[in-house]
Amino acid sequence: MVALGSALIACEAGPDAAASEDATHASDTGARLLTSPAEAEDMDASDGSVRVRLEAATRSYEVAGDVVDGYAYNGQNPGPTIRARVGDTVTVEFTNDLDAATTIHWHGIGAPVEMDGVTWLENPVEPGQSFTYTFAVRTAGTFWYHPHVDVERQVDLGLYGALVVEDPDEPEADAEFVVIWDAWGESELEEEHTMPAPDSLTWTANGVLLPTLALEAGERARLRLINAANTAYLDLRWPEIHQIGGDQGLLAAASSPESILLAPGDRADVEIVPTNDGFSIETAPYTASGGAAYGDNRSLLGVDPVEGDDVADPLEWPHSGEVPSLDTTWTDIVYVLQGGGDPDGWMINGESYPDVTVERIALGAETIVEVRNLSSTEHPFHFHGNSFEVLSVNGVPPVVRTIEDTWNVPIRDVVRLRVVPDNAGAWMVHCHLLGHEAGGMMTVLEVE
Ligand code: C2O
Ligand code: CU
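Keep in mind that what you see is a predicted model, and the values were worked out from it rather than measured.

Visitor: Is there a simple way to think about the overall build of the chain in this case?
Guide: Across its full length, the chain carries four helices and 33 strands. Across the 448 residues of the chain, 55% fall into the buried class. Across the chain, every contact between residues at least 6 apart in sequence was considered, and the portion connecting residues at least 24 apart equals 75%. When the accessible area of the chain is evaluated, it comes to approximately 17700 Å², of which 48% is carbon and sulfur surface.

As structure tokens, this is what we get:
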């Protein structure tokens, strides 16, 4: 049995604590079972296209046993998971029933620029209005969606959901879970909206505090992990991590890291095959202002297997085995990340959005971008529209080819990226700590 902190279990006695009634094994701890967010209903029966409806509205929902007034897609937090297959066209009929203008950004997907949910190019969706987003999904993987207007407040109030793109060539796991982590108590905005404001950060997985994952021993589960927090990092640890995917689908090779750093905006796919013993997924203390921090690890998710066969080989994932591209002797664009004194004083190359220089690069041309962090905190550096390959971190190339859309840049790090853009448009480039983005750490890269 996984040891669950009794103080945390006490907080579980929320309005729908009864949900644990169907928990056979986990129920003796009082913990609730983890379930994936409900999926959006596909209204299109034809092959190759997925059509769903999303509605954003002010909504009360439960977080960690408290009912809070926030924002939600289709009344749920996290919003519904949109599931498609690689090559599909996804159409989202979106209605804004909020009291504020909003948009949806498809994080990591590389949607066409007019469908990307950025405000400076198109008008946001005003209260009471609708907009239909349509885009093709070109890469299999774990992606997510969230607003791109007043982003710090709207995401914090609960507007986010997963977008899963399946590849029929990947093996099907015995079980699959989408796990969206969010941290509550990370911003003052929450108090205005009667969000829970605990003394210290409270992490939930799919809106539930410290849930348990019910699996049989020997059952192979794929977990699609997403960090939807505004500013809080996860430094995930459990025995024998088997990471299979990152931001942009399967990794070039399977990896067995000691820990997985999931910065805000990041994703990781992992396979777990529990033995009869069970374990717990924990986060080590980690802050943007210097990385690893002092303190104890905290449990986030218990893996509490029902006894079973106990032995199963991991699945065979079709990793590409690709080697990294060679770093170059030239650089096309340098982005220096600066700021830290003033909450609104976050900059890239001395400029704060929207007063920024638009860099221009050519469609299809290899472009080398160097990111140097000269500021006082770490920054998850995020590209819209096109993904990038990490060529080197402080001069050291990755072991295998690493394709990302969000990459955490620690203080003083120099990261070199290679982009061969196949998606034209004027794209946002920004820090995914949403307070930094709102505070100006955003610029525009135009692909023409
Ligand atoms: Cu999830 Cu502009 O980002
Ligand atoms: Cu930042």
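Visitor: Can you walk me through the coordination of the copper ion (ligand 2) in this structure?
Guide: In a perfect tetrahedron of four donors around a metal, the angles come out at 109.5 degrees. In a perfect octahedron of six, they are 90 or 180 degrees. Within the protein, the atoms that donate to the copper ion (ligand 2) are His 379 (ND1), Cys 431 (SG) and His 436 (ND1), at distances of 2.0 Å. Taken in chain order, the donor set of the copper ion (ligand 2) reads H-x51-C-x4-H. Placement of the pair is His 379 in strand E27 (residues 379–383) and Cys 431 in strand E32 (residues 425–431), with a sequence separation of 52 residues. A relative accessible area of 0% places His 379 in the buried class. For Cys 431, a relative accessible area of 1% gives the class buried.

Visitor: How should the pairing of strand E28 (residues 388–393) be read in this particular structure?
Guide: Consecutive side chains along a regular strand alternate between the two faces of the sheet. With five of its six residues buried, E28 lies for the most part within the structure. Where E28 lies against strand E29 (residues 403–404), two bridges are found, and the strand directions are antiparallel. Counterpart to Phe 388 in the pairing with E29 is Glu 404. Bridge analysis of E28 against strand E31 (residues 414–419) gives four bridges, and the strand direction is antiparallel. Counted as the bridge partner of Val 393 is Val 415 from E31.

Visitor: So what exactly am I meant to see when it comes to the pairing of strand E23 (residues 333–338) here?
Guide: With five bridges joining them, E23 and strand E26 (residues 367–373) adopt parallel strand pairing. Residue pairing in the sheet places Tyr 335 in a bridge with Val 371 of E26. Bridging between E23 and strand E24 (residues 347–348) involves two bridges; their strand directions are antiparallel. Residue pairing for E24: Leu 337 is matched across the bridge by Ile 348.

Visitor: Is there a simple way to explain the environment of Trp 181 in this structure?
Guide: Assignment of secondary structure puts Trp 181 in strand E9 (residues 175–184). Residue classification places Trp 181 among the buried positions, given a relative accessible area of 1%. In the structure, Trp 181 is positioned 23 residues away from Thr 204 in sequence and 5.6 Å away in space, judged by C-alpha atoms.

Visitor: What's the story with the pattern of salt bridges in this structure? I'm lost.
Guide: Taken as a whole and judged by the stated rule, the model has 24 salt bridges. In this structure, Glu 370 engages Arg 372 in a salt bridge whose closest nitrogen and oxygen atoms are separated by 2.8 Å. Residue classification places Arg 372 among the partly exposed residues on the basis of a relative accessible area of 33%. Linked by salt bridges that have partners in common, Glu 39, Arg 83, Glu 166, Glu 170, Glu 176, Arg 222, Arg 224 and Asp 269 make up one network.

Visitor: Would you mind showing me how to read the packing of aromatic side chains here?
Guide: Aromatic ring pairs: the centre-centre distance and the angle between the two ring planes describe each pair. Counted under the stated rule, the structure contains eleven aromatic pairs. Here the aromatic rings of Phe 381 and Phe 383 are separated by 5.9 Å at their centres, their planes lie at 55 degrees, and the arrangement is tilted. Between Phe 383 and Phe 388, the aromatic rings sit 5.2 Å apart at their centres with planes inclined by 80 degrees, giving edge-to-face as the arrangement. The exposure class assigned to Phe 383 is buried, which follows from its relative accessible area of 3%. The buried category is assigned to Phe 388, whose relative accessible area is 1%.

Visitor: Would you explain the confidence of the model for the chain in this entry?
Guide: Regions with low pLDDT carry predicted coordinates that are not meant to be interpreted in detail. For the chain, per-residue confidence averages 88 on the pLDDT scale, and residues scoring 70 or more make up 88% of the total. Per-residue pLDDT stays below 50 along residues 1–29; that stretch engages in 48 contacts with residues further than four places along the chain or on separate chains. In this model residues 194–199 is a low-confidence stretch, pLDDT under 50, and it forms 20 contacts with partners more than four residues away in sequence or in other chains.

Visitor: Please explain the environment of Glu 370 as it appears in this structure.
Guide: With respect to the helices and strands, the residue Glu 370 is situated in strand E26. Here Glu 370 falls in the buried class, since its relative accessible area comes to 11%. Not counting residues within four places of it along the chain, the set of residues in contact with Glu 370 comprises Thr 331, Ile 333, Val 334, Tyr 335, Val 414, Val 415 and Arg 416.

Visitor: Would you mind going over the sheet that holds strand E13 (residues 221–227) with me for this structure?
Guide: The pairing of strands in a sheet happens through backbone hydrogen bonds and is either parallel or antiparallel. Here seven strands make up an open sheet; going across it, the order is E11-E10-E9-E13-E18-E15-E16 and the pairing mixed. In this open sheet, the two strands that pair with only one neighbour each are strand E11 (208–209) and strand E16 (249–255). Note that E9 and strand E10 (residues 202–205) share four bridges and pair antiparallel. Residue pairing for E10: Trp 184 is matched across the bridge by Thr 202.

Visitor: Got a minute to help me understand the sheet that holds strand E17 (residues 260–262) in this structure?
Guide: The five strands lie next to each other as E12-E22-E19-E14-E17, forming an open sheet whose pairing is mixed. In this open sheet, the two edge strands, each paired with only one partner strand, are strand E12 (212–213) and E17. Pairing analysis gives two bridges linking strand E14 (residues 234–237) to strand E19 (residues 279–283), with the strands arranged antiparallel. Paired with Arg 237 across the two strands is Glu 282, which belongs to E19.

The rules behind the values
Residues numbered from 1 in each chain as written. Chains lettered and ligands numbered in written order. Predicted model: local features only at pLDDT ≥ 70, side-chain atom pairs only at ≥ 80, totals over all residues. Heavy atoms only, no water. Helix = DSSP H or I, 4+ residues; strand = E, 2+ residues; numbered from the N terminus. Buried < 20%, exposed > 50% of the residue type's maximum accessible area, 1.4 Å probe, protein only. Contact = heavy atoms within 4.5 Å. Areas by Shrake-Rupley, 256 points an atom, 1.4 Å probe, with all protein chains shown as cover. Donors = N, O, S within 2.8 Å, 3.2 Å for Na, K, Ca; no water. Pairing = 2+ DSSP bridges. Salt bridge = Lys/Arg side-chain N within 4 Å of Asp/Glu carboxyl O. Phe/Tyr/Trp six-rings, centres within 6.5 Å; stacked < 30°, edge-to-face > 60°. pLDDT = per-residue confidence, 0-100.

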